[in-house]
Amino acid sequence: MKSKIWLSSPHMGGNELKYINEAFDTNWIAPLGPNVDGFEQDLEVFLNEKVKIAALSSGTAALHLALIQCDVNPGDEVICQSMTFSASANPIAYLGALPVFIDSEKDTWNMCPVALKEAIEDRIVKGKKPKAIIVVHLYGMPAKMDEILSIAREYDIPLVEDAAESLGSKYKGKACGTFGHFGILSFNGNKIITTSGGGALVCHLQADKDKAVFLSTQARDDAPHYQHSHIGYNYRMSNISAGIGRGQMEVLSERIDSRRKMHDFYAELCKNMDGVELFSEPSTDFYSNHWLSVITIDERKSLKTCEDLRLAFLEEDIECRPIWKPMHLQPVFKDAPYYGGKVAEDLFGNSLCLPSGSNLSDNERERIAEVMIKVFSNNKEHPVLR
Ligand SMILES: *Cc1c(COP(=O)(O)O)cnc(C)c1O
């Protein structure tokens, strides 16, 4: 029996259990302790930008706390990239605020600066200046940060970077997640490293980190009894999860290399396939961790659809997945304003995420290649429309 090939599965480094055992030996079985502190320090060193990290229970929780710290309140508007996972937008709704969605541009598939500017000006004319901008580095690809930051500064709107998929990615040599007022990271099971479930808030000021920790531990005032002046949350990372994180940090650089090698593998495989284009860095300014490798299919040239390929993979027990369906097309956000054209929508219709794990074997890569070659091999037999 052939084993299932996953899109992106957890890949332990080896020392995770050592850190967990230390937690058991010292009875730090709690949402605080040496692993939490150690994991935060490891991330600070890795990002290398004098940031302060608050380890939290999920990336979604980190985004929720980022928006609270941007003073997002009920009825406020928050700008968000449309093509992303729903967790980028859900925290806006948690706060009773309203999302305003922005199209992608074609180079990085991330927030289009032109549509962003148009949206901000139009929302201001309509009487409401957006309270925050959420930009995403999709599939590890850095967004056009120079353009986006300059617009955020021009209108003095805080920028929150959703770097859940882009730990290790860089724009012009600077780590994704460290550009905005806040950045968020995710360590869910499918991400480039995992803590089983977890996330982090990237802050630039110690006071912002302290506030995130305060809010994430039930917002307890400084008093001997339980005294509260704020609504609190139970969002701190467990010391057990953080132990996994510390083990994973030891191999993060290797994981980035492996994911980038998977991208190279697909580049080689697709280079002679008509109508199959691999999503790649537009220039050397962009350094992607290639969390997932993604292809776009031009049906007129390939004569095959994403669905053809997906079903062929399925038959061989190989997981693949359509790209994120844009938020402005989601039933739950159907009433939200949207700015831009059809870039995200068109990409959604023609793109597929391919198995990209750092733990795939040569044999598994062969199985993947066989399916793709089989599906796209009859290109040449149908010289239609070329
Ligand atoms: C995974 C992910 C999140 C959410 O992170 P969790 O840790 O799963 O809550 C947010 N945004 C994007 C783009 C993601 O891929």
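Structure's up top.
Computed from a predicted model, the values in this text were never measured in an experiment.

A. How the structure looks around the overall build of the protein. For the protein, the count of helices and strands is 13 helices and 15 strands. At 22 Å, the protein has a C-alpha radius of gyration in line with the 21 Å of a compact globule built from 386 residues. C-alpha atoms of the protein, sized along the principal axes, occupy 80 × 60 × 35 Å. Here the analysis covers contacts within the protein between residues at least 6 apart in sequence; of these, 73% occur between residues at least 24 apart.

B. Local environment of the site of the ligand. Around the ligand lies a shell of 15 residues, among which T60, D162, E165, S186 and K191 are the nearest. Separating an oxygen atom of the ligand from a backbone N or O atom of G59 is a distance of 2.7 Å. D162 is positioned such that a nitrogen or oxygen atom in its side chain is 2.7 Å from a nitrogen atom of the ligand. Taking 380 Å² as the accessible area of the ligand by itself, protein coverage stands at 95%. The pocket occupied by the ligand, as judged from atoms lying within 2 Å of grid points, is the second largest pocket.

C. The pattern of salt bridges, seen in detail. All told, the structure shown has 19 salt bridges when counted by the stated rule. The partner of D107 in a salt bridge is K144, with the nearest N and O atoms 2.6 Å apart. With a gap of 37 residues between them, D107 in the loop between strand 3 (98-102) and helix 5 (113-125) and K144 in the loop between strand 4 (132-136) and helix 6 (145-154) connect regions that are remote in the sequence. Assessed through its relative accessible area of 38%, D107 is described here as partly exposed. K271 serves as the salt-bridge partner of E268, at 2.8 Å between the closest nitrogen and oxygen. Accessibility classification places E268 together with K271 in one group, the exposed group. Each of E40, K209 and R236 takes part in one network of salt bridges that share partners.

D. Spotlight on the side chain of S356. Topologically, S356 is positioned in the loop between strand 15 (351-354) and helix 13 (362-376). A polar contact is formed between the side chain of S356 and the backbone oxygen of L354, at a distance of 2.5 Å.

E. Quick peek at the sheet that holds strand 1 (residues 52-56). Across the sheet, which stays open at both edges, the eight strands sit in the order 1-9-8-5-4-2-3-14 with mixed pairing between neighbours. Looking along the sheet, the strands with just one partner apiece sit at the ends: strand 1 and strand 14 (338-339). As defined by bridge partners, strand 4 adjoins strand 5 (residues 159-162) across four bridges and the pair is classed as parallel. The residue of strand 5 that forms the bridge with I134 is V160. Against the sheet, helix 2 (residues 34-47) contacts strand 1, strand 8 (182-186) and strand 9 (199-203), and its axis sits at roughly 135 degrees relative to strand 1.

Calculation rules
Residues numbered from 1 in each chain as written. Predicted model: local features only at pLDDT ≥ 70, side-chain atom pairs only at ≥ 80, totals over all residues. Heavy atoms only, no water. Helix = DSSP H or I, 4+ residues; strand = E, 2+ residues; numbered from the N terminus. Rg over C-alpha atoms; globule rule 2.2 N^0.38 Å. Contact = heavy atoms within 4.5 Å. Near = heavy atom within 4 Å. Polar contact = N/O pair within 3.5 Å; in protein donor to acceptor, adjacent residues only side chain to side chain. Areas by Shrake-Rupley, 256 points an atom, 1.4 Å probe, with all protein chains shown as cover. 1 Å grid on protein atoms, 1.4 Å probe; cavity = no way out; pocket = protein on both sides within 12 Å on 5 of 7 lines; lining within 4 Å. Sits in = over half its atoms within 2 Å of the grid points. Salt bridge = Lys/Arg side-chain N within 4 Å of Asp/Glu carboxyl O. Buried < 20%, exposed > 50% of the residue type's maximum accessible area, 1.4 Å probe, protein only. Pairing = 2+ DSSP bridges. Axes fitted to C-alpha atoms, helices over the stretch in contact; angles between N-to-C directions.

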